[in-house]
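Structural overview for review
Residue-level listing of the chains:
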Amino acid sequence: MPSQTFEIERKYDVDIGTAVPVWDGIPGVTVVTDGELRVLDARYFDTADITLSKAGVALRRRTGGPDAGWHIKGPREGDGRLEIGWPLGDDESIPDAVADTLARWSTAPLSPLARIANDRTAYLITGEAGVIAEFVDDRVRATDLRQNVERQWREWEVELGPAAPTDAAGRDALFTAIEVVVFAAGGRPAASDSKLARALGH
C-alpha cells in the first residue's frame, strides 16, 4: 500500500547569505535538532498540455532523503495537500500503481517537465509530545526541461509534524509564533506556492 501524508506547510523566500532562525520563544518547543543535510534530486512529469499542473497535481520521482520514491501531490484541500508515495522501484519507468492513481486526472502519456535538485538542511522542532514541525533550509537548482531554462533560489519551509495542534486555531497560533521568528531572521512570504511552479517561472 502507498504511504499517505496530509502536508500542512508554509514557504518563505530568503537571501542566500541569511543565517537560519534561532527558535527561541515559541510556546511548547523544548529542543531543535542539529541540521541534517539531505541531497535531493527530483524529476517531475506531466502530459503534453500540463493537465496535471492545471488540476493542481504534481507527479515526481525523487532520490535522496528519508522519503525517496514516487510521489503524487494532490490538489490543495484547505490549508494542506495529500501526498501519496511509493518506493522508487527497479528502474525509472512510472509504476502501474502510480499511473492507476493518476488516472482520476489523466491517462494521457507523461513526459519530463522539470528537474529540481535541492541541497536541504532539515531541523526538527520538538516539544514534550514529539515533533511539532520540521524546518528545512533549501538551496534549489531547477531546470524547466521543456523550455531549457535554469533557475536557482533559496527558500525555507516549515511543515507541521505529528505533535502540532490538530485544530485550525491552534495551527494558526503556531504558525504566527513561527513566522515572528522567521521574519525576524530575514525570511519573507514566498512569491510562489511550490518549487515546481517556480521552476516553470510561475
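Residues numbered from 1 in each chain as written. Predicted model: local features only at pLDDT ≥ 70, side-chain atom pairs only at ≥ 80, totals over all residues. Heavy atoms only, no water.

1. Describing the overall build of the protein
- Regarding its fold elements, the protein presents four helices and 11 strands.
- Radius of gyration (C-alpha) of the protein: 17 Å, near the 17 Å computed for a compact globule of 202 residues.
- Seen along its three principal axes, the alpha-carbon backbone of the protein occupies a region of about 50 × 35 × 30 Å.
- By residue count, 45% of the 202 residues in the protein fall in the buried class.
- Per element, the accessible surface of the protein, about 10,300 Å² overall, is 52% carbon and sulfur. (Helix = DSSP H or I, 4+ residues; strand = E, 2+ residues; numbered from the N terminus. Rg over C-alpha atoms; globule rule 2.2 N^0.38 Å. Buried < 20%, exposed > 50% of the residue type's maximum accessible area, 1.4 Å probe, protein only. Areas by Shrake-Rupley, 256 points an atom, 1.4 Å probe, with all protein chains shown as cover.)

2. Details of unusual backbone geometry
- For isoleucine 50, which is not glycine, the phi dihedral falls at a positive 45°.
- For isoleucine 50, the location among the structural elements is in the loop between strand 4 (36-46) and helix 1 (51-54).

3. Thoughts on the pairing of strand 7 (residues 80-86)
- Strand 7 sits mainly inside the fold: six of its seven residues count as buried.
- Sheet topology note: the strand 1 (residues 3-7)/strand 7 ladder contains five bridges and is antiparallel. When the bridges of strand 7 are listed, glutamine 4 appears paired with isoleucine 84.
- Summarising the sheet, strand 6 (residues 69-77) and strand 7 pair through six bridges and their orientation is antiparallel. (Pairing = 2+ DSSP bridges.)

These results come straight from atomic positions and should not be treated as a statement about function.
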